[in-house]
Amino acid sequence: MPNTPPLPLLRGTAGALPVQVAVVGAGVAGAACAHTLAASGASVTVFDKSRGVGGRMSTRRTVWMDASGQERPIQFDHGATDFSAHSLAFRAVAQRGLDEGWIARWSPTPDATDATDVATAPFEHLVPMTGMPELCRHLLGNLDVHTGEPVTGLHRVRGGWQIERDSGLWPQRFDQVVLALPPAQAAPLLRPHADGWADAAAQVPMEVCWTLMAVTDTPPGLPFDQRLPARGPLARIVRNDRKPGRQQIPGHAVWVAQASAAWSAHHRDDSPAAVSEALRDALRAAINPGGSVRWCHSTVHRWLYARPAQVPLGGPGCWWDAAKGLGVCGDFLAGPRVEAAFLSGLELAQAMSSPLPPRRPARSGAARFARM
């Protein structure tokens, strides 16, 4: 990680105390911001509504029943399927993971639609070995992280902020608060304190994504580990069991198949059963054209805020108001990639420790978007 100047210390106390920061959201942006703030000397507490960290860097673990009636564990990387690293800062994190063995390079079969020559692109198709959330777990390290804690309100109090949860106010007061959430979730928390930000966040278009997770018998002559179909309901098909660190089941294939943004939006409110039937039919046509597939296990998941459809044209990668001690970061400000979310969180942490004036989005900025 790049060096950042130390954060300012609280004044008027008996001795200098570290700044107390609450980070709401433990996905990539929040984890990167929390990591950098803690490295700069802040005392950081992280909240996330989910049972674990990672956000859309997600791996679902479940069991399926084989032909003999035996339960077998299985995992599906049903959010981000892999990531790349191009910036110096994110390459440093990736290289550390590669050196320490908790990140590996994944080389899809050469005839895959999205195949990349990893010999000449060493920071493409990277995957954490134990599951996608491992990246966030390593960034967060030993920080004070509270999962299963939905934040329902932010309150300005003398000397800072208080966090409200379903179970009441968090007893500790914070000097600064960071929101690293999808924009639709950040907007209501921002509304009482930053109308312009709330308006901008509420107008950010986020894509829906239906994802099929399945175990099948291995189709004959299967030619790919990853495919990006140009037509039909599916936008990405991945052989999850062919990625480093994932279970391989003799005679079976483990699939993650993500529907396109257009198809997902059109079928946003369809029943899971109807979506499963449509996506299974599309996957069957892709992996065994004209033939049949034996389904051993399947389920679907709907990501309501899968990725930003657009990001502000020429806008900052984060929002920071030093006077209020309030900041926002996330991929909706920086771009629909894991690395973009990381860089947004890093940029916010650096802005929080910078003496430069804060950068604010214009009130009309939400309307100025560039298609990615």
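Since this is a predicted model, take the numbers as computed values, not measurements. (Residues numbered from 1 in each chain as written. Predicted model: local features only at pLDDT ≥ 70, side-chain atom pairs only at ≥ 80, totals over all residues. Heavy atoms only, no water.)

1. Observations concerning the packing of helix α4 (residues 183–190) against helix α5 (residues 195–202)
Step number 1: Closest axis-to-axis distance for the α4/α5 pair is 8 Å, and the angle between their directions is 160 degrees. In terms of axis orientation, α4 runs roughly antiparallel to α5. Judged by the sense of rotation from one axis to the other, the crossing of α4 with α5 is left-handed. Facing P183, A187 and L190 of α4, the residues of α5 in contact are W197, A198, A201 and A202.
Step number 2: The residue makeup of the contact of α4 with α5, split by class, is seven nonpolar, no polar and no charged. (Axes fitted to C-alpha atoms, helices over the stretch in contact; angles between N-to-C directions. Helix = DSSP H or I, 4+ residues; strand = E, 2+ residues; numbered from the N terminus. Parallel < 35°, antiparallel > 145°, perpendicular 65-115°, else oblique. Left-handed = near helix turned anticlockwise from the far one by under 90°. Contact = heavy atoms within 4.5 Å. Nonpolar A, V, L, I, M, F, W, Y, C, P; charged D, E, K, R; others polar.)

2. Describing the packing of aromatic side chains
Step number 1: This model, assessed by the stated rule, comprises seven aromatic pairs.
Step number 2: With 5.9 Å between their ring centres and 90 degrees between their planes, W319 and F332 make a pair best called edge-to-face. Separated by 13 residues along the polypeptide, W319 in strand β18 (residues 318–321) and F332 in helix α8 (residues 331–334) bring together distant segments of the chain. Of the two residues, W319 and F332, both sit in the buried class.
Step number 3: Through a chain of ring-to-ring contacts, three or more aromatic side chains come together here, namely F47, W170 and F174.
Step number 4: When the ring centre of W106 is taken as reference, the NZ or CZ atom of K243 above it lies at 5.7 Å. (Phe/Tyr/Trp six-rings, centres within 6.5 Å; stacked < 30°, edge-to-face > 60°. Buried < 20%, exposed > 50% of the residue type's maximum accessible area, 1.4 Å probe, protein only. Lys NZ or Arg CZ within 6 Å of the ring centre and 35° of its normal.)

3. Describing the packing of helix α1 (residues 28–39) against helix α9 (residues 338–352)
When two helices pack together, their arrangement is given by the angle between the helix axes and the distance between those axes.
Step number 1: Packing of α1 against α9 brings their axes to within 7 Å, and their N-to-C directions diverge by 35 degrees. Seen from above, α1 lies across α9 with right-handed handedness. Touching V28, A29, A32, C33, T36 and L37 of α1 are V338, A341, F342, G345, L346, L348, A349 and M352, all from α9.
Step number 2: Here the residues of the contact of α1 with α9 are counted per class, giving twelve nonpolar, two polar and no charged.

4. Looking at the nonpolar core
In globular proteins that are soluble, nonpolar side chains generally tend to be buried together.
Step number 1: Formed by 45 residues in total, the largest nonpolar core has its most connected members in L37, F83, L135 and F342.
Step number 2: Elements with a contribution of two residues or more to this core: β1 (20–24), α1, β2 (43–47), α2 (88–100), α3 (134–140), β18 and α9. (Core = buried A, V, L, I, M, F, W, Y, C linked by side-chain atoms within 4.5 Å.)

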